[in-house]
Amino acid sequence: MTKERLKRILFIENKEAWYALFVKANNEEKVKKILEREMGDDYSFIIPKRKLRERKGGNWHFVKRKLFPGYVLVRGILSLEDYYHLKTVPGILRLLKSEDKVLTIDEKELEVLRVLIDKEENVIGISTLYKENDAIKIIDGPLTGFEGQIVSVNGRKGRAKVRLSFLNEERIVELGVQLVKKSDADYRCFGPI
């Protein structure tokens, strides 16, 4: 197969987009540093994180955990040469792709991440939300205005597992929350109001 044909198959458009790299567990920061050093001028790399309250030794403190463990998000115009270079970076398992092309992250999903993530640290803060059974409406914090579904709540830890759509799949992420009062509405969609 010629390089031109392979390029047409893998990369439909030659424009800037977001891609997801699947990396070895707990190697996200290491891979990000290598990529920034080797490819940093043409690309930007983020590892979305969330801020959580944890209790240790009877005291509450804040910690940052990865929102999507095992993923590094990449923004840029991906060339065929860079695609092959990514395959040689230690810790990268693969660039997410379908059978015949590299997958880009959909704009709707990116909009959710843009709203959620603090621009400087790429961290989702703690939110306040309403809860009734599994339906939620978030009323404070970086998730303000979003509706979705809580899978489970751990009141002792101040966390909720929330169902989100990411990379064309439903994902469950654990977020730091403060439950304030019940909602009397039934919310069934994801995204801002």
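Residues numbered from 1 in each chain as written. Predicted model: local features only at pLDDT ≥ 70, side-chain atom pairs only at ≥ 80, totals over all residues. Heavy atoms only, no water.

Enquirer: Help me get a handle on the overall build of the protein, residues and values and all.
Expert: Within the protein, the secondary structure is distributed over four helices and 13 strands. Within the protein, the fraction of its 193 residues that count as buried is 44%. Put simply, the protein shows about 11400 Å² of open surface, and 46% of that area lies on carbon and sulfur atoms. (Helix = DSSP H or I, 4+ residues; strand = E, 2+ residues; numbered from the N terminus. Buried < 20%, exposed > 50% of the residue type's maximum accessible area, 1.4 Å probe, protein only. Areas by Shrake-Rupley, 256 points an atom, 1.4 Å probe, with all protein chains shown as cover.)

Enquirer: Pulling in residues and values, what's your account of the environment of leucine 110?
Expert: With respect to the secondary-structure elements, leucine 110 resides in helix α4 (residues 107-116). Exposure remark for leucine 110: the relative accessible area of 4% places this residue in the buried category. When sequence neighbours within four positions are dropped, the list of residues in contact with leucine 110 reads Trp18 and Ile105. (Contact = heavy atoms within 4.5 Å.)

Enquirer: Any details on the pattern of salt bridges? Residues and values, ideally.
Expert: One pass over the structure, following the stated rule, counts five salt bridges. One salt bridge connects glutamate 28 with lysine 66, and the closest N-O pair in it is separated by 3.6 Å. Of this pair, glutamate 28 sits in helix α2 (residues 28-39) while lysine 66 is found in strand β4 (residues 59-66), placing the two residues 38 residues apart along the sequence. Among the residues examined, glutamate 28 registers a relative accessible area of 1% and is labelled buried. (Salt bridge = Lys/Arg side-chain N within 4 Å of Asp/Glu carboxyl O.)

Enquirer: I'd like to hear about the pairing of strand β1 (residues 17-23), residue by residue, with values.
Expert: Most of β1 sits inside the fold, with six of its seven residues counted as buried. In terms of strand pairing, β1 meets strand β5 (residues 71-76) through six bridges, oriented antiparallel. If you follow leucine 21 over to β5, its bridge partner there is valine 72. Across three bridges, the pairing between β1 and strand β6 (residues 92-95) is antiparallel. Each bridged residue has a counterpart across the sheet, and for valine 23 the counterpart in β6 is isoleucine 92. (Pairing = 2+ DSSP bridges.)

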